[in-house]
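Here is how the chains run, residue by residue.
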Amino acid sequence: MVRSKNGFLWLLALLLAAGCGSTSAEQHLENARARMAEGEVRTAVIELKNALQKSPDLADARLLLGEAHDRLGDYPSALKEFERALDLGLDNERVRAGLLRSKVRLGRFNEVIGELEGRSDLTPPLAVVLGDAYLDAGDLAGARSMYERGRPLPESSLGLGTIAWQEGDTAAAAVLLQEAVDQDSGNSEAWLRKGEFELSRGATDPARAAFSAATKLQASRVAGHIGLARVALIAGDLDAAAADVKRVLDLAPDYPGAHYLDGLIRYERQDIDGAEAAIREVQRVVPDHGPSLYLMGAIKYQQGQRAQAEENLQRYLAQDPANESAAKLLASVAFDRGDQARVVELLDPHSADTADPQLLAMLGAARMRLGQPTAATPLLERAVALAPDMAPFRNQLALSLLAGGDRTRAEAELEGAIEVDGQQFESDYLLVMLQMRERDWRAADESIRTLIEKNPDGPVGYNLRGALAVEQGDAEAARSAFAAALQRDPGFFPAVQNLARLAQQEGDSQRAIELFQDFLERNPADEGALLALAELSLGGGRSDQALDYLERAVAENPESVRARLALAQVLLAAGRLDQSAVVVDQALERAPDLAQLSLLRAEIDWRRGDLQKARTLAARLQSRLVRDAADASLVLALGDLQSRLGQLSEARSNLERVLTLADGDNAAAQRSLARIDLAEGKVREARARVDLLLEEASDADTRLLSADVLLAEGRGDEAQRQLEQLASSGEREAVIRLAGLQLGTGDVSGAVARLEGWLQDHPGDRLAELLLADALMATDKRGAIVRYENLLDTGNPVVLNNLAWLYMEQGDDRAVATARRAADVAPDNAEVLDTLGWVLLQQGGRVDEALRVLRRSAQLKPDNPSIQYHLGIALRESGDVAGARAALTRALEASAFPEADQARDALAGLPTS
């Protein structure tokens, strides 16, 4: 009879099924024992599961399955099977030892200590388990005692070898760990421990042999190949390391340790994108894996993504704050963006004990840039001593010596650098600069000739020749030299910059602009050219054009913090607070520790009226500058901000530190201190400072300050005459001050006329327009609305607040939305919240919301009578007569305010009971 193919397959399946079914549970158990003896642990697991499927209560199978899981490192499953064997009545030493050993492996060593400690009848296997528990608990003496009782078990030798290793007795550790693998060559943990030990002492051949033995055991195949990959990496054999990693990934595709080593190998091979992909696989499974965080930081640094590099390295250092290498890499990120104080903060803790010349050189360079040559010099001397053939270190040392006044040693270091590495040009360059500083024109010319001979096709020597010609007053020779530099390298920006400076010195700003524009046509993304054009545009009063250049600089150089900082500063100067804040926040994402950015953000918050945020940022900056206050410009700016925030003692302390750093010669600090004197009522001290300043220079800033002092002295006429003189010469601040004086004396029409005249010639002056809008509120509300609406793009909460009030008075439905926007910008400003609460009450009768907002406003400024009046009305509308009476009474007991009559009427109209 002919059978079909399908029929044959069906019969074959039936035959196979019958064959499988005929194997008893006991036979599966015996097969498993044989497989375990041969080291085929995974096959034994399959046999044991088949046995238990047929006979779930087979206790011996449960025991052996627990031991198999233990060999494979699956300790939760092992514990479960040992417990089941015990529940089935199999209570012997193997079960107890296996169960307790699993608990130790799972970190439950305290339970094991509690059960076994103090027992005198411990058998060797149980003594070894207790020894493991003591070892995990850090009790080496207790562990040693138990391991000695566990002799001659191989686990005992393994434990004693581990203790010897931890105690630094490498000779004893080597003997004992070898003893462990000799006693049981199938003990995967012993082979792995021996491999790790040999690797720790740099014995790569014994380590390789131990890990190779581990790969032959199923339980440690993956870990063994990982060990072999690490050995190969230490030996510099990337190909062998990659081969072992591939074997691991074939066995366990999701194993994080293999992906980490894969990333490390790719990084060493400069396959940066491949390294990133591998490390992302690790971080997908283990987001806080320390080595991967470090490596990702290095990868992102290589890719130029400094913000992401910083994030990963900071997370790594949070786990391992003492890691010198990670601190150095993170310091490199800070150094690149110019945050030298952060560099010092990161590297200083390592400087005393380090033998890394690069770390010392970076720290020394940071100290130099902070104006601390005395602190920099010994660091750079150590770097040169550790790496005498590194010319850049000698260059840095020369700069620090020069800053400290030691010209002879500085020149010797530069000559030494040239001798060490005659092919690098930095030393020649610095030597020329030193000779030019000393006005040794002949020596400088000779050094320039040498540099050009070394590199005739490079632009640097010709650029220096041009600089020398400028110093000697030969403009034509300078132009020719700068042109020669550009001929050799059309993308060499310093030469264009020098040509532009020559043009500006000759009064030809247009020529300077054309030079930068021509350069930009050849190099469309050049940040330096875009920033230079922005600066020239600002100098010519073309702020909109400057903004265009700066926005382009940011677009073309998205990681540039410098471009974003410049853009934010110009937006702030234009009064565009919201836009400036966005740009600063973007820059802070890239450089969160850059003090200039935090200072600018605090300035924005201050102008928005959010004093709490500004003060918080100022306090953070203060704590940083206390550690390292050598940057006089930063300390000065912070002191000035603090004085405006009312933090007068902190401001005074910082400004006096600026004078100390500058040996008393800093006019800006003296002016700021004089303003603090005025704020504190110390008019005589302010006068003394101003007189000293006027002796040295009668500049506009000092004369403006002098007018303030005259006002404080009661000499208003003299102050006004001085301001009039400054205003007639086009001094903007004088115009603003005079308008403010006129408003203060009730001369609103005079102030309006003055501001309108100024704005006719300077239509982009946002501050003048804001002051004019404020003035018009009293006389021309519709005109004020127009002016304020022109300023809406600034995001200024004062503009929004006043406009909301005017809208309310005009019955304009936009009042509530505008007041809400003001409160969003300045959520902790009492006056802004007062306006929102009053508008909510007047337009739409939102009593509950208005009451909540006005309570917050009164909490922020409890002594403001207008706020108390508005709160009283809201309480009255809510039905809280007692609360309304208390608030209205508080308002009328305070100083006079415009709504006092309405408050009296409201109080009188309240029900008496």
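In case you missed it, the structure is sitting above this.
On a predicted model such as this, the values are computed, not experimentally measured, just so you know.

## Description of the overall build of the protein chain
Alright, step 1. What the protein chain contains, in helices and strands, is 54 helices and zero strands.
Alright, step 2. Here the C-alpha radius of gyration of the protein chain, 39 Å, is well above what a compact globule of 913 residues would show, namely 29 Å.
Alright, step 3. Projected onto its principal axes, the C-alpha positions of the protein chain cover 115 × 100 × 75 Å.
Alright, step 4. In the protein chain, which comprises 913 residues, the share counted as buried stands at 49%.
Alright, step 5. Long-range pairs, those at least 24 residues apart, make up 47% of the contacts in the protein chain with a sequence separation of at least 6.
Alright, step 6. Accessible surface computed for the protein chain: about 42700 Å², of which carbon and sulfur atoms make up 49%.

## A closer look at the nonpolar core
Most often, soluble globular proteins keep nonpolar side chains buried together rather than apart.
Alright, step 1. Counting 74 residues, the largest nonpolar core has L755, Y788, W838, L841, Y869 and L871 as the members making the most contacts within it.
Alright, step 2. For L871, the residues in contact, after removing those within four places along its chain, are L851, L854, R855, A858, A887 and R890.
Alright, step 3. W441, A563, V583 and L600 belong to the second largest nonpolar core, which has 63 residues in total.

## Comments concerning the packing of aromatic side chains
Alright, step 1. Tallying each qualifying case throughout the model produces six aromatic pairs.
Alright, step 2. Relative to F519, the ring of F493 lies with its centre 5.6 Å away and its plane at 55 degrees, an arrangement referred to as tilted. Of this pair, F493 sits in helix α30 (residues 493-505) while F519 sits in helix α31 (residues 509-522), placing them 26 residues apart in sequence. An identical accessibility class is assigned to F493 and F519; each is buried.

## Overview of helix α6 (residues 93-105)
Alright, step 1. The first and last C-alpha atoms of α6 sit 18 Å apart over 13 residues, in line with the 18 Å expected at 1.5 Å per residue.
Alright, step 2. Check the buried side of α6 and you find it contacts α4 (59-72), α5 (75-87), α7 (109-116) and α8 (124-137).
Alright, step 3. The N-capping residue of α6, defined by a side-chain oxygen 3.1 Å from the backbone nitrogen of R94, is N92.
Alright, step 4. At the exit of α6 stands G107, carrying a positive phi of roughly 85 degrees.

## Some thoughts on the pattern of salt bridges
Alright, step 1. In the structure shown here, the tally under the stated rule is 67 salt bridges.
Alright, step 2. A salt bridge links E527 to R562; its shortest N-O distance comes to 3.5 Å. Note that E527 is positioned in helix α32 (residues 527-539) and R562 in helix α34 (residues 561-573), a separation of 35 residues in sequence.
Alright, step 3. One salt bridge in this structure joins R576 and D544, with 3.9 Å as the shortest N-O distance. Placement of the pair is R576 in the loop between α34 and α35 (577-590) and D544 in helix α33 (residues 543-556), with a sequence separation of 32 residues.
Alright, step 4. With relative accessibility at 53%, the residue D544 sits in the exposed group.
Alright, step 5. One continuous salt-bridge network, built from bridges that share partners, spans R652, D677, E680, K682 and R689.

## Thoughts on the packing of helix α12 (residues 188-200) against helix α14 (residues 221-234)
Alright, step 1. At a minimum axis separation of 10 Å, α12 and α14 run at an interaxial angle of 15 degrees. Comparing the axis directions of α12 and α14 gives the class roughly parallel. Seen along the crossing, α12 lies across α14 with a hand that is left-handed. From α12, L192, E196 and L199 reach across to α14, where they touch A223, G224, R230, V231 and I234.
Alright, step 2. Grouping the constituent residues of the contact of α12 with α14 by class yields five nonpolar, one polar and two charged.

## Examining the environment of V248
Alright, step 1. Relative to the assigned elements, V248 resides in helix α15 (residues 238-251).
Alright, step 2. Using a relative accessible area of 0% as the deciding quantity, one classes V248 as buried.
Alright, step 3. C-alpha separation for the pair V248 and P206, spaced 42 residues apart in sequence, amounts to 21 Å.
Alright, step 4. With near-sequence residues (within four places) excluded, V248 lies in contact with V222, H225, I226, Y255 and A258.

## As for helix α16 (residues 256-268)
Alright, step 1. The terminal C-alpha atoms of α16 lie 18 Å apart, and with 13 residues this matches the ideal 18 Å at 1.5 Å per residue to within 8%.
Alright, step 2. Within the sequence span of α16, burial applies to A258, H259, Y260, L261, D262, G263, I265 and Y267.
Alright, step 3. Positive backbone phi, approximately 65 degrees, marks Q270, located one or two places after α16.

## A short note on unusual backbone geometry
Alright, step 1. The omega torsion across R151 and P152 is 5 degrees, close enough to zero to call that bond cis.
Alright, step 2. The topology assignment puts P152 in the loop between α9 (140-149) and α10 (154-166).
Alright, step 3. Positive phi is not limited to glycine here, since Q270 has a value of about 65 degrees.
Alright, step 4. For Q270, the location among the structural elements is in the loop between α16 and α17 (272-285).
Alright, step 5. In this structure Q270 comes out as exposed when scored by relative accessible area, which is 52%.

## A few points about the side chain of S643
Alright, step 1. Residue placement: S643 occurs in helix α38 (residues 632-644).
Alright, step 2. Looking at S643, its side chain comes within polar contact range of the main-chain oxygen of D640, at 2.6 Å.
Alright, step 3. S643 has contacts with L648, A651 and I676, leaving out every residue within four places of it along the chain.

## Structural notes on the side chain of H28
Alright, step 1. Mapped onto the secondary structure, H28 falls in helix α2 (residues 25-37).
Alright, step 2. According to the relative accessible area criterion, H28 is buried, its value standing at 8%.
Alright, step 3. Among the polar contacts listed, one links the side chain of H28 to the side chain of E47, at a separation of 2.7 Å.
Alright, step 4. With near-sequence residues (within four places) excluded, H28 lies in contact with T23, E47, N50, A51 and K54.

## Concerning the packing of helix α36 (residues 595-608) against α38
Alright, step 1. For the pair α36 and α38, interaxial distance at closest approach is 11 Å and the crossing angle is 20 degrees. Here α36 is positioned roughly parallel relative to α38, judged by the angle of their axes. Crossing of α36 over α38 shows left-handed handedness. Here A595, Q596, L599, A602, E603 and W606 of α36 lie close against α38, whose contacting residues are L634, A637, L638, L641 and R644.

## Quick look at the environment of L710
Alright, step 1. Within the secondary structure, L710 sits in helix α42 (residues 700-712).
Alright, step 2. A residue is classified by how much of its surface remains accessible, and L710, at 4% relative accessible area, is buried.
Alright, step 3. Counting along the chain gives 12 residues from L710 to Q722, while the straight-line C-alpha distance between them is 9.5 Å.
Alright, step 4. Apart from the residues within four sequence positions on either side, L710 is in contact with R687, R715, G716, E718, A719 and Q722.

## What about the environment of G114?
Alright, step 1. Mapped onto the elements of the fold, G114 is located in helix α7.
Alright, step 2. For G114, a relative accessible area of 61% puts it in the exposed group.

Scoring rules and cut-offs
Counting restarts for each chain: residues are numbered from 1 in the order of the written sequence. Owing to the predicted nature of the model, reporting of local features is limited to residues with pLDDT of at least 70; listing and counting of side-chain atom pairs is limited to 80 or more, with chain, interface and lining totals taken over all residues. Here the side-chain values reflect all heavy atoms present in the structure, with hydrogen atoms and water set aside. Strands here are runs of E lasting at least two residues and helices are runs of H or I lasting at least four, both read from the DSSP assignment and numbered beginning at the N terminus. As defined in this context, the radius of gyration uses C-alpha atoms, and a globule is described by 2.2 Å times the residue total to the power 0.38. Relative accessibility under 20% of the residue-type maximum defines a buried residue, over 50% an exposed one, and the middle range a partly exposed one, all with a 1.4 Å probe and only protein chains included. Note on definitions: a residue-residue contact is assigned when non-hydrogen atoms from the two residues lie within 4.5 Å. Only the protein chains shown count as cover for residues, and the accessible areas themselves come from Shrake-Rupley with a 1.4 Å probe. Residues belong to one nonpolar core when they are buried, are Ala, Val, Leu, Ile, Met, Phe, Trp, Tyr or Cys, and are joined through side-chain atoms within 4.5 Å. Ring pairs shown here join Phe, Tyr and Trp side chains whose ring centres sit within 6.5 Å, with only the six-membered ring taken for Trp; geometry is labelled stacked below 30 degrees between planes, edge-to-face above 60, and tilted in between. In this analysis, the expected span of each helix is defined as 1.5 Å times one less than the number of residues it contains. Polar contact is defined as a pair of N or O atoms within 3.5 Å, subject to the rule that within protein one atom must be able to donate a hydrogen and the other to accept it, and that residues adjacent in sequence are counted only when both atoms are side-chain atoms. Salt bridge, as applied in this entry: a Lys or Arg side-chain nitrogen positioned within 4 Å of an Asp or Glu carboxyl oxygen. Between N-to-C directions, angles span 0 to 180 degrees; the directions come from axes that are lines fitted to C-alpha atoms, helices contributing only their stretch in contact. Any angle that falls under 35 degrees is termed roughly parallel, while one over 145 is termed roughly antiparallel, one within 65 to 115 roughly perpendicular, and all others oblique. Two helices that cross are described as forming a left-handed crossing if the nearer one is turned anticlockwise from the farther one by less than a right angle, and a right-handed crossing if clockwise. Nonpolar residues are Ala, Val, Leu, Ile, Met, Phe, Trp, Tyr, Cys and Pro. Charged residues are Asp, Glu, Lys and Arg, and all others, Gly as well, are polar.

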